[in-house]
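Chain and residue survey
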Amino acid sequence: MDMLLGQLSRPLPHSVSAVSVRAAWIALAATIGAAVLLRFGLFGNPIAGLDEQLYLLVGDRMWHGELPYVDIWDRKPLGLFVLFAAIRLLPGNGFLAAQMVATAFAAATAFLIALFMRRWVGWVPATMAGMFYLAQLNILWGDTTQTPVFYDLLVMAAAMLTLRASDTANERVRAGSGVAAMALIGLAIQIKTNAVFQGGFFGAWLIWSVWRETRDPTRILRLAVPMVLAAALPTLAAMLSYAALGHFDAWWQANVLSVIAKGRPTDPAAIDNLATSVILTLPALVVALLGLWARTERFQVWGQETLFILGWIAFGLVDFAAIGGYFPHYAIPLVLACCPLIAHAFAIPRFGKALFATVMAWPLFYAVVVAPKIGAIERVYAANVVAALPSDVTTRCLFIYEGPVAYYQLSNACRVTRFAFTAHLSSTREAHALGVDQAQALRDALARRPGTIITIAHSIWTDRNPAMERLLSATLARDYHSTAGLPHRVYTGGRDQLVIWRRNAGR
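As a convention, each chain's residues are numbered from 1 in the sequence order in which they are written. For a predicted model such as this one, the threshold for reporting local features is a pLDDT of at least 70, and the threshold for listing and counting side-chain atom pairs is 80 or more; totals across whole chains, interfaces and linings nevertheless cover every residue. Heavy atoms from the whole structure form the basis of all side-chain values; hydrogens and water molecules are not counted.

Glancing now at the overall build of the protein chain. When helices and strands are counted, the protein chain shows 19 helices and four strands. Both definitions apply: the radius of gyration is a C-alpha atom measure, and the globule rule equals 2.2 Å times residues to the power 0.38. Relative to the globule expectation of 23 Å for 507 residues, the C-alpha radius of gyration of the protein chain, 24 Å, shows essentially globular dimensions. Overall, the C-alpha framework of the protein chain stretches about 85 × 55 × 40 Å when taken along its three principal axes. For each residue, the accessible area found with a 1.4 Å probe, counting protein chains only, is set against the maximum for its type, and the residue is called buried under 20%, exposed over 50%, and partly exposed in between. In the protein chain, which comprises 507 residues, the proportion classed as buried is 56%. Considering only contacts in the protein chain between residues 6 or more positions apart, those separated by 24 or more positions represent 74%. The Shrake-Rupley method, run with a 1.4 Å probe sphere, supplies the accessible areas, and residue values consider only the shown protein chains as cover. As displayed, the protein chain offers around 20,900 Å² of accessible surface, 67% of which is attributable to carbon and sulfur atoms. Computed over 40 positive and 29 negative side-chain charges, the separation of the two mean positions in the protein chain equals 4 Å. By definition, any uninterrupted DSSP run of H or I lasting at least four residues is a helix, any uninterrupted run of E lasting at least two residues is a strand, and each is numbered from the N terminus. Residues are treated as being in contact if the distance between any of their heavy atoms lies within 4.5 Å. We score Asp and Glu as negative and Lys and Arg as positive, and we do not count His or the chain ends. By convention, the charge on Lys lies at NZ, on Arg at CZ, on Asp at CG and on Glu at CD.

Let us now look at unusual backbone geometry. Even without a glycine there, the phi angle at arginine 215 is positive, about 55°. For arginine 215, a relative accessible area of 55% corresponds to the exposed category. For arginine 449, which is not glycine, the phi dihedral falls at a positive 55°. Structurally, arginine 449 can be placed in the loop between helix H18 (438–447) and strand S2 (452–457).

Turning our eyes to something else, we now look at the sheet that holds strand S4 (residues 496–503). Judged by pairing direction, the sheet is mixed, and its four strands sit side by side in the order S1-S2-S4-S3 without closing on themselves. The open sheet terminates on both sides in strands that have one partner only, identified here as strand S1 (398–400) and strand S3 (480–488). Pairs of neighbouring strands in the sheet enclose a mean axial angle of 25°, with direction left out of account. When DSSP locates at least two bridges between a pair of strands, those strands are taken to pair. Think of each axis as a best-fit line through the C-alpha atoms, taken over the contacting stretch in the case of a helix, with angles from 0 to 180 degrees between the N-to-C directions.

What follows covers the state of the cysteines. Covalently bonding the sulfur atom of one cysteine to the sulfur atom of another cysteine gives a disulfide. Note on terminology: pairs of cysteine sulfur atoms within 2.5 Å are recorded as disulfides. One pass over the full model with this rule turns up one disulfide. Of all cysteine sulfurs, the one in cysteine 339 lies closest to cysteine 338, which takes part in no disulfide; the gap is 7.2 Å. Note on cysteine 339: relative accessible area 0%, which makes it buried.

The subject of this paragraph is the side chain of threonine 306. As for its placement among the helices and strands, threonine 306 is situated in helix H14 (residues 304–321). Using a relative accessible area of 3% as the deciding quantity, one classes threonine 306 as buried. Other than its neighbours up to four places away in sequence, threonine 306 contacts Leu292, Arg295 and Thr296.

Another aspect to go through is helix H8 (residues 147–167). A helix is expected to span 1.5 Å multiplied by its residue count minus one. Between its terminal C-alpha atoms H8 stretches 30 Å, which fits the 30 Å expected from 21 residues at 1.5 Å a residue. Buried residues dominate H8, accounting for 18 of its 21 residues.

The salt bridge definition used is simple: a Lys or Arg side-chain nitrogen within 4 Å of an Asp or Glu carboxyl oxygen. Counting across every chain of the model gives 18 salt bridges. A salt bridge links arginine 61 to glutamate 66, with the nearest nitrogen and oxygen atoms 3.1 Å apart. Residue classification places glutamate 66 among the buried positions, given a relative accessible area of 17%. A salt bridge links arginine 174 to glutamate 213; the nearest nitrogen and oxygen atoms lie 2.7 Å apart. With arginine 174 in helix H9 (residues 171–189) and glutamate 213 in helix H10 (residues 195–214), this residue pair connects regions lying 39 residues apart in the sequence. With a relative accessible area of 45%, glutamate 213 lands in the partly exposed category.

Next comes the structure, spelled out in C-alpha cells:
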C-alpha cells in the first residue's frame, strides 16, 4: 500500500502523460456529456434561480440602451452584465441560451481539472474529478447560471498558469504565464469580485516562489508590476468607461459603497444557509482529505504543489465566507479548489472507482429523475403566470415587489423603477445600500401607477423590511385588487403563492 501511495504522489512520466491526443478527446467528450446529463433537467426553465434572472434581464436591457447602475441597478461587476448581454445575441428569449453557455463553461472547467491532474493520476481519475465538480454544481445551486459557473473556468486556468510559472526557471515563460494568470483573474473579478481572494493568493504564491529562488527585489518588481496591472485592467477599464460617460459616481456607489453599506447578514436565514452549505460541501471536503492522505503518502511527504493546493482551498474558504449569506453556491469555488486532491482519492486502486460511484449516485439520480420533474413543473408555473398577466404590462408597466424578475422579460413588460431585483426595495439589508432612500424609491415606483404588481403571499423570507411592507400594503389596499393567486416556487420548493394585483379602474 505504501508503494502504491508513493506512486500516486508523483507525476506520471512525460511519455505517459502525453501518450495520446485521443485520451484528451475522450476526456473532453466525457466532461461535455456529463455536463449535459447533469444539467439538462432545467434547460429552458425561465424561473430557475433568482439572481440569474436579473443578470439576464440586465444583459437584455443593455441592448435597449439601459446602462447598468444608472438605468437598472445591481452591485455585480460590469463584466457579468457584458457576458449576459453577449448571451442575448444568441437566438431565443435568452433563458435556454444562458443555460447552454453556462453548461459549456462548466464542461470546460471540468476538462481543465482533468487536464491539470492527468500527469499525477492519469486521465481516468482526473476526468472523474472533473465530473465530480459538475455533480457538485447541481448540489450547490450551480445548475443554472450562477456566477461561479462562469468565473471558475478563469480561476482554474489561472491556477494552472500560476503553477507553470512557479515551476519554471525560464524568466520569459514565468513572466508570460504569471501575467496571463493575473489577466484571467482580472476577468474573473469582473464576473464576481470575490475572485480577488483566490487571485491574490495565486499572485502572492508566484511572487514568493521567485523571492525564495532569487532574493532579488528587482526581479520581483519586474514580475509583480505587470501582474498587478493585468489583474486590475478589466476593472480599471470599467471604471474609466463610466467616468468617460459622466457616471463614475453611479459605478462607485454600486461597486464599492453599496457593498460596504449592505454589510453582513444578521437574520436567522444566514445561519440556516451556513448549516446547509456545510452539509452539502462535506462530501467534497471528506473526499479531498482522503485525496490529501493519498497524495502525501499518509501525510508524510509535502511538496510545493501540495502546499499550493492547500492554500488555494484556504482562499476558496475565504471566498465562501467573505460577504456573509453563506448560500450554497458561494461554496462552488471551494469545491473547485478541492478537485485536485479529489482526483488523488479517485486514483486509489480498487477503492477509488467505488468511491466515485458512491459520491456520484445521488447527484446523478437528482439530475436524471428529480430535476426534469422540477423543470417541467416550473415551466408550467411560468406559463400560468404569463397567461395571467394582462397584455397592457407593455404600456402600463409591471412592478415585481417580490417574486421572479424573469416575468419582466417573459411578458415584455416595462418597469417603473431601476431597482428591478426582488430584494432591492423590500430588504432590510438593502435599506441603506441603494444610494437613495429605499422608502422614497418605493414611493417613486408606486407613484408611476404600475398597472400590475406581483407579490408573494405569506412570504417566509426573513429579511423583509416592515416599513416597506406597510407602505406597499397601504397602496395595494387603496388602489389595487388581486386578480390571481398562483402556486409557485420562490423560496419553498413550490408552496409559495404568487399574487397578481391589478390597479383599480380610475385610480
